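Fold and geometry: a report
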Amino acid sequence: MLAAAALGLAGVIYLIVDNGAAAVGQAMALIGWWLVPISLFHILPMWLSAMSWRAMLPATPGLTVAAITWIRWIRESVNSLLPVAGVGGDVVCARLAYLRGIPATAAAGSMIVDVTVGVVTQVVFVLLGLVLLLIRSSEPIVLTITWSVLAGLGIFVVVITIFVLLQHKGLFGLSTLIAGAVLRNVWLTEVSVRASRIDDAVRAIYRNRRTLRHACLWRFVGWVAGTGEIWLTMYFFGHPIGLDDAIILESLSSGIRAAAFMVPGALGLLEGGFVVLGVALGIPATTALVVALAKRVRELGLGLPGLVAWHLTEAKGLFVKRDAR
């Protein structure tokens, strides 16, 4: 994973040099301090995603809207900046919810379904971007992008379908039970009982169709709201674009990021994807690269404090446990 990150960083450097480092630097300077409100705008889609997850959690006094948004912030920070294959933040998120008073099985179960909801709604969002792209143009590069994305989505749909079916079949309890039997490990066999409770929590959420619909709606609106970040970047850069182009860029770039989950932050691949998509939309490569770099600035600007907040929270929890002894 570190090797992939190094290759990704090399790719970013190559793109910057290839498009003229001075020109890219001047473009970033042109946006300047507008990067602050652009970055802060991300709090809106982050809040919408948090509300999607909240819909699947039991009501708990300690888990206010502010608290759940704060946990979501830490989750995104971990997934964006640490080499955790895009899932380490989910584990941290479930743990923080538990520290806020959510039962462990409910926290874990809701997070598993939340990941599923995120992927399913993202697929719909990417399809929306593809439709808008095809309506806009049918040039060879657009058709190439379309078929490539559809191939990736096809694999994604198969994987997520299998994942959902396994969740309904008791994925975690069964897997730990089998592992315990194969390895003849009594501890693993005992763990399977607790894992089965997580499976029960997952199935309970799926049975509540109303809750699941609300979660999907919140999450999809969150994906669409993320479009505003690209629109604002282009506006402050002096190259305003339409909402449809912003949706195309945001949706397809999010698909690239999801597909490149093994590369920390999709480093290099996201920037290259923006350049290719920009060309398809008639946006200069340098401008498209600046949009991608503005996203990186936001990730660092919000992510680094998020990692610090996570560290302080874990330290506080440790001290609380020590005091309790």
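Residues numbered from 1 in each chain as written. Predicted model: local features only at pLDDT ≥ 70, side-chain atom pairs only at ≥ 80, totals over all residues. Heavy atoms only, no water.

Examining empty space enclosed by the protein
All told, the structure shown has one cavity of 30 Å³ or more when counted by the stated rule. In this structure, the largest cavity is lined by His42, Met46, Trp73, Glu76, Ser77, Ser80, Arg298, Glu299, Leu302 and Gly303. Counting only elements with at least two residues in the lining of the largest cavity, the list comes to helix H5 (65-81) and helix H15 (285-324). Of the residues belonging to the lining of the largest cavity, the class tally is three nonpolar, four polar and three charged. (1 Å grid on protein atoms, 1.4 Å probe; cavity = no way out; pocket = protein on both sides within 12 Å on 5 of 7 lines; lining within 4 Å. Points joined across faces, edges and corners; volume = space filled by probe spheres on them. Helix = DSSP H or I, 4+ residues; strand = E, 2+ residues; numbered from the N terminus. Nonpolar A, V, L, I, M, F, W, Y, C, P; charged D, E, K, R; others polar.)

A short note on the environment of Ala21
Mapped onto the secondary structure, Ala21 falls in helix H2 (residues 21-31). Accessibility expressed as a relative area gives 45% for Ala21, which makes it partly exposed. Between the C-alpha atoms of Ala21 and Thr286, which are 265 residues apart in sequence, the distance is 9.5 Å. (Buried < 20%, exposed > 50% of the residue type's maximum accessible area, 1.4 Å probe, protein only.)

Notes on helix H4 (residues 43-54)
Counted at 1.5 Å a residue, the expected span for H4 with its 12 residues is 16 Å, and the 16 Å between its end C-alpha atoms agrees. Burial in H4 covers these residues: Pro45, Met46, Leu48, Ser49, Ala50, Met51, Ser52 and Trp53. (Expected span 1.5 Å × (residues − 1).)

Re the packing of H5 against helix H6 (residues 88-99)
It is the contact of H5 with H6, at a shortest axis distance of 7 Å, that shows an interaxial angle of 155°. Between H5 and H6, the angle falls in the class roughly antiparallel. As H5 packs across H6, the resulting crossing turns out to be right-handed. Here Ile71, Ile74, Arg75, Val78 and Asn79 of H5 lie close against H6, whose contacting residues are Gly88, Gly89, Asp90, Val92, Cys93, Leu96 and Ala97. For the contact of H5 with H6, the residue count by class is seven nonpolar, three polar and two charged. (Axes fitted to C-alpha atoms, helices over the stretch in contact; angles between N-to-C directions. Parallel < 35°, antiparallel > 145°, perpendicular 65-115°, else oblique. Left-handed = near helix turned anticlockwise from the far one by under 90°. Contact = heavy atoms within 4.5 Å.)

Here we look at helix H12 (residues 227-236)
Among the 10 residues of H12, seven are classified as buried, and the element is accordingly described as predominantly covered. Just downstream of H12, Gly238 is the residue with a positive phi angle, here 85°.

Describing the packing of aromatic side chains
Summed over all chains, the structure comprises six aromatic pairs. Measuring from ring centre to ring centre gives 5.6 Å for Trp47 and Trp218, while their planes differ by 85°; the resulting arrangement is edge-to-face. With Trp47 in helix H4 and Trp218 in helix H11 (residues 209-225), this pair connects stretches of sequence that are 171 residues apart. With centroids separated by 5.5 Å and ring planes inclined at 70°, the aromatic side chains of Tyr235 and Phe236 adopt a geometry described as edge-to-face. Aromatic rings pair up to connect Trp34, Trp231, Tyr235 and Phe236 into one cluster. (Phe/Tyr/Trp six-rings, centres within 6.5 Å; stacked < 30°, edge-to-face > 60°.)

Focus: the pattern of salt bridges
Within this structure, the stated rule accounts for 12 salt bridges. The shortest N-O distance in the salt bridge between Asp245 and Arg136 comes to 2.7 Å. With Asp245 in helix H13 (residues 243-259) and Arg136 in helix H7 (residues 104-136), this pair connects stretches of sequence that are 109 residues apart. It is possible to trace a salt-bridge network through shared partners that takes in Arg72, Arg75, Asp90, Asp114 and Arg219. (Salt bridge = Lys/Arg side-chain N within 4 Å of Asp/Glu carboxyl O.)

Digging into the nonpolar core
Considering soluble globular proteins, one finds that nonpolar side chains tend to be buried as a cluster. Grouped together as the largest cluster of nonpolar side chains are 23 residues, with contacts concentrated most on Leu133, Ile230, Ile241, Leu249, Leu252, Phe274 and Ile283. Of all the secondary-structure elements, those providing two or more residues to this core are H7, helix H8 (140-168), H12, H13, helix H14 (269-280) and H15. What Leu249 contacts, discounting residues up to four positions off in sequence, is Ile230, Ile241, Phe274, Leu277, Gly278, Leu281 and Ile283. Among the nonpolar cores identified, the runner-up in size contains 19 residues, and Leu63, Ile74, Val92 and Ile102 belong to it. (Core = buried A, V, L, I, M, F, W, Y, C linked by side-chain atoms within 4.5 Å.)

Quick notes on the confidence of the model for the protein chain
This prediction gives the protein chain a mean pLDDT of 81; 81% of its residues lie at or above 70. Across residues 319-325, where pLDDT falls below 50, the model places one contact with residues more than four positions away in sequence or in other chains. (pLDDT = per-residue confidence, 0-100.)

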